[in-house]
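Here is how the chains run, residue by residue.
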Amino acid sequence: MQQAIVEFRRGQLEAMEYYHEVPVVRHLRTSPEGTIWVRRRGDEPESNGPIDLLTADGRYLGSFVLGATNVPSAFGPDGLDAFIETNDLDVPTVVVKRLPPGVR
């Protein structure tokens, strides 16, 4: 009986199909000014990596290294953006920051 279960599970695993590619984009947002925020994956498929900023026409503006900032949860007027941050107890807080003109 145990061997039959093992063989059944092995057959299921061998029949599974996997994508030959791993997605790179983990999060994507666009500001009202047209700046595209792209959160790339990190070294592991489920991990976060840097954030790239692009113009609406695809010109590269630069990157934020991992941990420097997050992708804004909401974009406001005049560069005011809202971020959801959590403290050591996982309590979420809304933090509003003004971004410099070059990254709006």
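Residues numbered from 1 in each chain as written. Predicted model: local features only at pLDDT ≥ 70, side-chain atom pairs only at ≥ 80, totals over all residues. Heavy atoms only, no water.

1. Things to note about empty space enclosed by the protein
Point 1. Going through the model one piece at a time under the given rule, you end up with 1 cavity of 30 Å³ or more.
Point 2. Volume-wise, the largest cavity comes out at about 30 Å³.
Point 3. Lining of the largest cavity is provided by Ser 31, Pro 32, Glu 33, Phe 75, Gly 76, Gly 79, Asp 81, Leu 99, Val 103 and Arg 104.
Point 4. The class makeup of the residues in the lining of the largest cavity is 4 nonpolar, 3 polar and 3 charged. (1 Å grid on protein atoms, 1.4 Å probe; cavity = no way out; pocket = protein on both sides within 12 Å on 5 of 7 lines; lining within 4 Å. Points joined across faces, edges and corners; volume = space filled by probe spheres on them. Nonpolar A, V, L, I, M, F, W, Y, C, P; charged D, E, K, R; others polar.)

2. A few points about the side chain of Asp 81
Point 1. Mapped onto the secondary structure, Asp 81 falls in strand 6 (residues 80-86).
Point 2. The class for Asp 81 is buried, based on a relative accessible area of 3%.
Point 3. Residues contacting Asp 81, with those up to four places away along its chain left out, are Pro 72, Ala 74, Phe 75, Gly 76, Val 95, Val 96, Lys 97 and Leu 99. (Helix = DSSP H or I, 4+ residues; strand = E, 2+ residues; numbered from the N terminus. Buried < 20%, exposed > 50% of the residue type's maximum accessible area, 1.4 Å probe, protein only. Contact = heavy atoms within 4.5 Å.)

3. Side note on the packing of aromatic side chains
Point 1. All told, the structure shown has 2 aromatic pairs when counted by the stated rule.
Point 2. Geometrically, the ring pair formed by Trp 37 and Phe 64 is stacked, given 5.8 Å between the ring centres and 15 degrees between the ring planes. Highlighted residues: Trp 37 in strand 2 (residues 36-41) and Phe 64 in strand 4 (residues 60-64), separated in sequence by 27 residues.
Point 3. Taking the relative accessible area as the measure of exposure, Trp 37 reaches 0% and is therefore buried.
Point 4. Phe 64 gets classed as partly exposed once you look at its relative accessible area, which sits at 22%.
Point 5. Ring plane angle 55 degrees and centroid distance 6.2 Å describe the contact between Trp 37 and Phe 75, whose orientation is recorded as tilted. (Phe/Tyr/Trp six-rings, centres within 6.5 Å; stacked < 30°, edge-to-face > 60°.)

4. Observations regarding the pattern of salt bridges
Point 1. All told, the structure shown has 4 salt bridges when counted by the stated rule.
Point 2. For Arg 26, the salt bridge is made with Glu 46, and the minimal N-O distance between the two is 3.9 Å. Separated by 20 residues along the polypeptide, Arg 26 in strand 1 (residues 25-30) and Glu 46 in the loop between strand 2 and strand 3 (48-54) bring together distant segments of the chain.
Point 3. Given the relative accessible area of 36%, Arg 26 is considered partly exposed. (Salt bridge = Lys/Arg side-chain N within 4 Å of Asp/Glu carboxyl O.)

5. Some thoughts on the confidence of the model for the chain
Point 1. With 100% of its residues at a pLDDT of 70 or more, the chain has an overall mean of 90.
Point 2. The weakest mean pLDDT in the chain belongs to helix 1 (residues 2-15) at 88; the strongest belongs to strand 3 at 96. (pLDDT = per-residue confidence, 0-100.)

6. Concerning the sheet that holds strand 2
Point 1. Pairing is antiparallel in the open sheet, where 4 strands are placed in the order 1-2-3-4. Every other strand in the sheet has two partners, leaving strand 1 and strand 4 as the edge strands with one partner each. The sheet shows a mean angle of 20 degrees between the axes of neighbouring strands, direction not considered.
Point 2. Pairing analysis gives 5 bridges linking strand 2 to strand 3, with the strands arranged antiparallel. By the bridge assignment for strand 3, Val 38 is matched with Asp 52. (Pairing = 2+ DSSP bridges. Axes fitted to C-alpha atoms, helices over the stretch in contact; angles between N-to-C directions.)

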